[in-house]
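Residue strings, one per chain:
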Amino acid sequence: MFDVERLPHRSVAKAVLSVEGLRHALASVRVMNDENILDKLCAGGNSYWLTRFVILRLLGFVYAIAFLVAAQQLVPLIGEHGLTPANHFLTAIQTQLGSRTAGMLRVPTLFWFENSDSALSIFAWTGFGLSLVVLGGYANAIILSILWAMYLSIVHIGQIWYGYGWEIQLLETGFLSIFLCPLIDGRPFPRCRPPILVFWLFRWLGFRIMIGAGLIKLRGDSCWRGLTCLYYHYETQPIPNPISRYLHFAPHWFHKFGTAWNHFIELVVPWFSFGPRTARHIAGVLLVSFQIVLIVSGNLSFLNYVTIIPFLACFDDTFLRHFLPATLVRRAEGAAQKSRPSRINNTIAIVLAVLVAYLSIAPVLNLVSGRQLMNYSYDPLDLVNTYGAFGTVGRERDEIIFEGTTDAIITGDTKWKEYKFKAKPGDPNLRPPFVAPYQPRIDWQIWFAAMASPAEYPWTLHFVWKLLHNDRGTLSLLANNPFPNAPPRYIRARLYRYQFTPLGESAWWKREPIGEWLPGLSSDDAQLRRLLTAMDWLD
């Protein structure tokens, strides 16, 4: 150290300048080091060109299925004359919150501006078309933002028909995917390299999905802890497929092993998705293969398809290059060589990571809570959510069978004709279909209704009213119309208990009547009319 006061004037000036220069130099070194660290951190994205390609293609496929379902079912479900009209729903929200603006902030959807049947249909088909563009290999932030906003708008007016965990899961997945792409360049291999932080956020999403599903099982039903839930699951799940019957009759040791394996995959494996490359690759293989097994075992809509997407972030190009066409691999390698880091994209990714970290506080607290919520959103845009599946498993399968008759008076000799649905069990001799990833939404809701009463599912009364009038939209949701020439005079609903028949028998199901779920109702029934009038459903 030196004494400044003893130096000549010029020496003092030089010393001060030297000290200031040293400070500036040290500051510059720190900035350069920070920039180098940031560049090194973000440079890892250059190893994920194939990963981004595969993630976006699968996302386009899931979006296409989701919008196709909407295009074919939105109008009869929530249209102007649907089972639960969206315009009534939005009006109720506006009334409850006191203003249209408050409603738009609480339930953001573009359908606040227009929700006619034609708007619903055009909206859904437009989303389907844009999804095919992404599936075909062309995606940028603008297209993905539009798809996300469109599907958010549908989910937020979908009411019970869109109350499933995979709806908000698709929204969170779609939101993250926006930041994988350049703003405008929609080529499969654009000039901008993939941002590595977004792949970490995908892993975080996959982690929450699996840990949430594993914890809700252990907390929700004793059969998961006793390793016996799979004794019942394949038979009692919402929409079984033909393979479900064979799995149901597998030995008990097989089911116990499957349940234990489920716990291992959901509660142990996800931690390794944050590990080094080899651990991540192994975790990714196990997580993806587990979802494929679930796809084979039942019709769970597009749940398992959209769940695979975040798990793909466990793989980098060194892994995927062994499974993808050589021409695609060469294009990815060429793009990696020509790419340049983008400070803007890296900064946006950092801001996104901070946002997700902040919004993850509530879902993480929910995971460690003794009262864990399943499939719940904590923000109006469904950006970061909590997930779970099959917290409880039914031991027996009950089905509601809707029947109609043209008889003017119901007697003991009245002949009833059964309405058939597109996927749910009905005729015991009919083979269960393969429908996933497509979802017949009314079939799913009737599965829920069979575990409750009509009072808890009042839309079923509106459904009966529609059948009494041979409503074309409602009938489009079904597999048949037993009364093509004239509408029935009465509709009733009976409850049956279904069981898979043993392997080798020609029938797929055996069923036993439990009792009446809804009595015979006609369009002249005064009580039915009062109920529909109270709900503003009397067309």
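See the structure shown above.
This section reports on the structure supplied with the text. Nothing here was measured: the structure is a model prediction, and the numbers come from that model. (Residues numbered from 1 in each chain as written. Predicted model: local features only at pLDDT ≥ 70, side-chain atom pairs only at ≥ 80, totals over all residues. Heavy atoms only, no water.)

1. Some points on the state of the cysteines
Defined simply, a disulfide is a covalent bond joining two cysteines at their sulfur atoms.
Next up, step 1: For the coordinates displayed, the defined rule picks out one disulfide.
Next up, step 2: Put simply, Cys223 and Cys229 are joined by a disulfide, and their sulfur atoms are 1.6 Å apart. Handedness here is read from the sign of the S-S torsion; for Cys223 and Cys229, about 65°, the answer is right-handed. You'll find Cys223 and Cys229 in the same group, each marked buried. (Disulfide = S-S within 2.5 Å. Buried < 20%, exposed > 50% of the residue type's maximum accessible area, 1.4 Å probe, protein only.)

2. Topic: the pairing of strand S3 (residues 397–405)
Next up, step 1: Of all nine residues in S3, nine are buried, a share of seventy percent or more.
Next up, step 2: The two faces of S3 match: Arg397, Glu399, Ile401, Glu403 and Thr405 on one face and Asp398, Ile400, Phe402 and Gly404 on the other face are all buried.
Next up, step 3: When S3 meets strand S5 (residues 490–500), the two strands line up antiparallel, connected through nine bridges. Residue Phe402 lies in a different strand from S5, and its bridge partner there is Ala493. (Helix = DSSP H or I, 4+ residues; strand = E, 2+ residues; numbered from the N terminus. Pairing = 2+ DSSP bridges.)

3. Regarding the packing of aromatic side chains
For any pair of aromatic rings, geometry is given as the distance between the ring centres together with the angle between the planes.
Next up, step 1: Summed over the entire model, instances satisfying the criterion amount to 36 aromatic pairs.
Next up, step 2: The interplanar angle of 75° and the centroid separation of 4.9 Å between the aromatic rings of Tyr376 and Tyr378 together place this pair among those described as edge-to-face.
Next up, step 3: With a relative accessible area of 39%, Tyr376 lands in the partly exposed category.
Next up, step 4: Through pairs of rings, three or more aromatic residues link up here, namely Trp161, Phe402, Phe421, Trp459 and Phe463. (Phe/Tyr/Trp six-rings, centres within 6.5 Å; stacked < 30°, edge-to-face > 60°.)

4. Examining helix H12 (residues 252–267)
Next up, step 1: The first and last C-alpha atoms of H12 sit 22 Å apart over 16 residues, in line with the 22 Å expected at 1.5 Å per residue.
Next up, step 2: Within the span of H12, buried status applies to His255, Thr259, Asn262, His263, Ile265 and Glu266.
Next up, step 3: Looking at the packing, one finds that the buried side of H12 touches helix H8 (196–220), helix H9 (222–225), helix H10 (230–236), helix H11 (242–248) and helix H13 (277–297). (Expected span 1.5 Å × (residues − 1). Contact = heavy atoms within 4.5 Å.)

Bear in mind that shape data such as this cannot, by itself, settle questions of function.
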